[in-house]
Amino acid sequence: MGSLAWGFITDFFTYETTKSVVVKSWSVGIINRIVQLLIVAYFVGWVFIHEKAYQVTDTGIESSVMTKVKGFGYHHGQVMDVADYVFPPQGAGVFCIMTKLIITKNQFQGKCAESVAMFSCHTDEDCHKHFGAILSNGVITGVCLKPSNDSKGHCEIEGWCPTENDNVKITPMLDVNNFTIFIKNSIRFPLFNVTRGNFPSSMTSDEIKRCTYHPETNPFCPIFRVGDVLNYTGQNVAGLADKGGEIGINIEWRCNLDWNIDYCIPKYSFTRLDAPFAKNAVSKGYNFRFAKYFKTENGTEFRTLHKAYAIRFDVMVTGNAGKFYTIPTLINLVAAFTSIGLGTVLCDVILLNFLKGAEQYKAKKFEEIFIVLSIQVSASLAQSPGSQLSLKPGIKSSYDSGAISLATSEQPI
């Protein structure tokens, strides 16, 4: 029992190595080196240099955006300032600059004729089919209001009267082209506790007032001219002011914290977000409604309704930060060294299947050993030469391996 345990221990702590076969072939050798070179180039160029796989990365960026718009324009013969055309006024990362307003004044609660053409009628029955309609300016009552019995009328609604007529022609405010947008963005990478701002802290207020963003000459200025932003997206004010649109301003932070923190800087890009709908017949552009409410002297409430066509700006912040770390470096180094062995696998496939000397290579690479009986049975047979289990002349006894092997040329069929 002790010898069995000792044998198990000695077998466990033995070292086994693979058999190497040297193949002197120019074609296979060139293929092997090319494959190894490609694998090394992939890991060095793409994995380590481009993807920076030796770093741990923080993608959970925390961001805050504050915006301010400045400029004056003319609309409806009146001067419009920031309080008139920016909505919402809080200076958030999503805001609208209104370019055209359709105003319906002095609306009171009551009953009146619908102004939308689809609700025209000749009899009350024509209005009954519109019960529950959501495209009207109020609740359809089912009554057809006509100037005379022979004329065409419109269905009566209950709601704010008079109803809105959005088919009027209004000249949009093209002065928006010269408006400016101030963007203040602060970010933090919590994994590394790194905070940054989108313009240098050393920049003075006078410098900010005088500068205008340009991707090459002034990439860190936080003041953006609206006309320039639209030009970067391939648009212009004349094309967007009438129906509105949606513009995205993306602030991208890609920081390599192995370098000085001053190299962690933002990169701006601009795009038209509603481009898939720009040529649609319906739902084109961007508009919304809001109302201002008042009361008469006797307490009756009335309102002024505004339908606003606007250019909506979405300031989006994305990014990640990376820094050298031992664990991902070791993991990718091991993967690189392991992958180099793929060259050997490919060469084996070629040698075993596609070259003329495949059988010769296969015979050198693989050895077939047939196990027949254990050494104890072999010893007993040696003591009984007349037994039916005696070894045939072609069978060789192997005492160093503990097995009996058959010669390859004399294998039983």
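Rules used in this analysis
- Residues numbered from 1 in each chain as written.
- Predicted model: local features only at pLDDT ≥ 70, side-chain atom pairs only at ≥ 80, totals over all residues.
- Heavy atoms only, no water.
- Core = buried A, V, L, I, M, F, W, Y, C linked by side-chain atoms within 4.5 Å.
- Buried < 20%, exposed > 50% of the residue type's maximum accessible area, 1.4 Å probe, protein only.
- Helix = DSSP H or I, 4+ residues; strand = E, 2+ residues; numbered from the N terminus.
- Contact = heavy atoms within 4.5 Å.
- Phe/Tyr/Trp six-rings, centres within 6.5 Å; stacked < 30°, edge-to-face > 60°.
- Lys NZ or Arg CZ within 6 Å of the ring centre and 35° of its normal.
- Pairing = 2+ DSSP bridges.
- Expected span 1.5 Å × (residues − 1).
- Disulfide = S-S within 2.5 Å.
- Salt bridge = Lys/Arg side-chain N within 4 Å of Asp/Glu carboxyl O.
- Axes fitted to C-alpha atoms, helices over the stretch in contact; angles between N-to-C directions.
- Parallel < 35°, antiparallel > 145°, perpendicular 65-115°, else oblique.
- Nonpolar A, V, L, I, M, F, W, Y, C, P; charged D, E, K, R; others polar.
- Patch = residues over 30% accessible without salt bridge, like charges linked within 9 Å, V, L, I, M, F, W, Y side chains within 5 Å.
- Areas by Shrake-Rupley, 256 points an atom, 1.4 Å probe, with all protein chains shown as cover.
- Polar contact = N/O pair within 3.5 Å; in protein donor to acceptor, adjacent residues only side chain to side chain.

Caption draft 1: Highlighting the nonpolar core. Among the nonpolar cores identified, the biggest contains 45 residues, and Y85, I97 and F313 are the most heavily contacted of them. In terms of residue count, strand 16 (residues 301–324) provides more of this core than any other element does, seven residues in total. In this structure, F313 is in contact with G93, V94, F95, I97, I181, V226, V229, I247 and I249, ignoring residues within four places of it in sequence.

Caption draft 2: Examining the packing of aromatic side chains more closely. With the rule as written, the count across this model stands at 20 aromatic pairs. A ring pair is formed by F87 and F290, whose centres lie 5.9 Å apart and whose planes are at 10°; its orientation type is stacked. Here the residue F87 occupies a position in strand 5 (residues 86–87), and F290 occupies one in strand 15 (residues 287–295), the gap between them amounting to 203 residues. The ring of Y309 has K100 lying over it, and the distance from NZ or CZ to the ring centre is 4.4 Å.

Caption draft 3: Expanded view of the pairing of strand 14 (residues 266–272). Alternating positions in strand 14 separate cleanly, P266, Y268, F270 and R272 being buried on one face and K267, S269 and T271 remaining unburied on the opposite face. Summarising the sheet, strand 13 (residues 245–256) and strand 14 pair through seven bridges and their orientation is antiparallel. Counted as the bridge partner of G248 is T271 from strand 14.

Caption draft 4: Molecular detail of unusual backbone geometry. Omega for the bond connecting F87 with P88 falls within 30 degrees of zero, at -10°, which places this linkage in the cis form. Residue placement: P88 occurs in the loop between strand 5 and strand 6 (94–113). In this chain, C161 is followed by P162 through a cis amide linkage whose omega measures 0°. Positive phi is not limited to glycine here, since H76 has a value of about 60°. Mapped onto the fold, H76 is located in the loop between strand 3 (73–75) and strand 4 (78–80). Residue class for H76 comes out partly exposed when judged on its relative accessible area of 46%.

Caption draft 5: Representation of helix 9 (residues 342–353) within the structure. For helix 9, which comprises 12 residues, the first-to-last C-alpha distance of 17 Å matches the rise-based estimate of 16 Å (1.5 Å per residue) to within 8%. The complete set of buried residues in helix 9 reads G343, C347, D348, I350, L351 and L352. Considering only its buried residues, helix 9 is in contact with helix 2 (26–50), helix 8 (326–340) and helix 10 (358–365).

Caption draft 6: Structural context of the state of the cysteines. Overall, the coordinates contain five disulfides when judged by the stated rule. Each disulfide pairs two cysteine sulfurs, and for C127 the partner residue is C155, the sulfurs being separated by 2.2 Å. Between C127 and C155 the sulfur-sulfur dihedral comes to about -100°; the bridge is accordingly left-handed. Of the two residues, C127 is situated in helix 4 (residues 124–128) and C155 in strand 9 (residues 153–161); the sequence distance between them amounts to 28 residues. Considered together, C127 and C155 belong to a single accessibility category, that of buried residues. Going through the protein in sequence order and numbering each bonded cysteine, the pairs you get are 1-6, 2-4, 3-5, 7-8, 9-10.

Caption draft 7: Layout of the pattern of salt bridges. Per the stated rule, a full pass over the model turns up nine salt bridges. We note a salt bridge from E62 to R188, for which the minimum N-O separation is 3.0 Å. Remark: R188 occurs in strand 10 (residues 180–189) and E62 occurs in strand 2 (residues 62–70); sequence separation between them is 126 residues. Judged by its relative accessible area of 38%, E62 is partly exposed.

Caption draft 8: Highlighting the packing of helix 8 against helix 9. At a minimum axis separation of 4 Å, helix 8 and helix 9 run at an interaxial angle of 20°. It follows that helix 8 is roughly parallel to helix 9 by the angle criterion. Of the residues in helix 9, those in contact with T338, S339 and I340 of helix 8 are L342, G343 and T344. In the contact of helix 8 with helix 9, the residues fall into two nonpolar, four polar and no charged.

Caption draft 9: Geometry of a nonpolar patch on the surface. Together, W6, F8, I9, F12 and F13 line one region of the surface with nonpolar side chains, adding up to about 670 Å² of accessible area. Topologically, W6 is positioned in helix 1 (residues 2–12).

Caption draft 10: The arrangement of the environment of Y85 in detail. Locating Y85 in the fold gives a position in helix 3 (residues 82–85). For the pair Y85 and G73, spaced 12 residues apart in sequence, the C-alpha separation works out to 9.2 Å. From its side chain, Y85 meets the backbone oxygen of G71 in a polar contact 2.6 Å long.

Caption draft 11: Layout of the side chain of H75. As for its position among the elements, H75 is in strand 3. Only 3.2 Å separates the side chain of H75 from the backbone nitrogen of L101, close enough to count as a polar contact. When residues no more than four places from it in sequence are discounted, the contact partners of H75 are M80, T99, K100, L101, I170, T171, P172 and M173.

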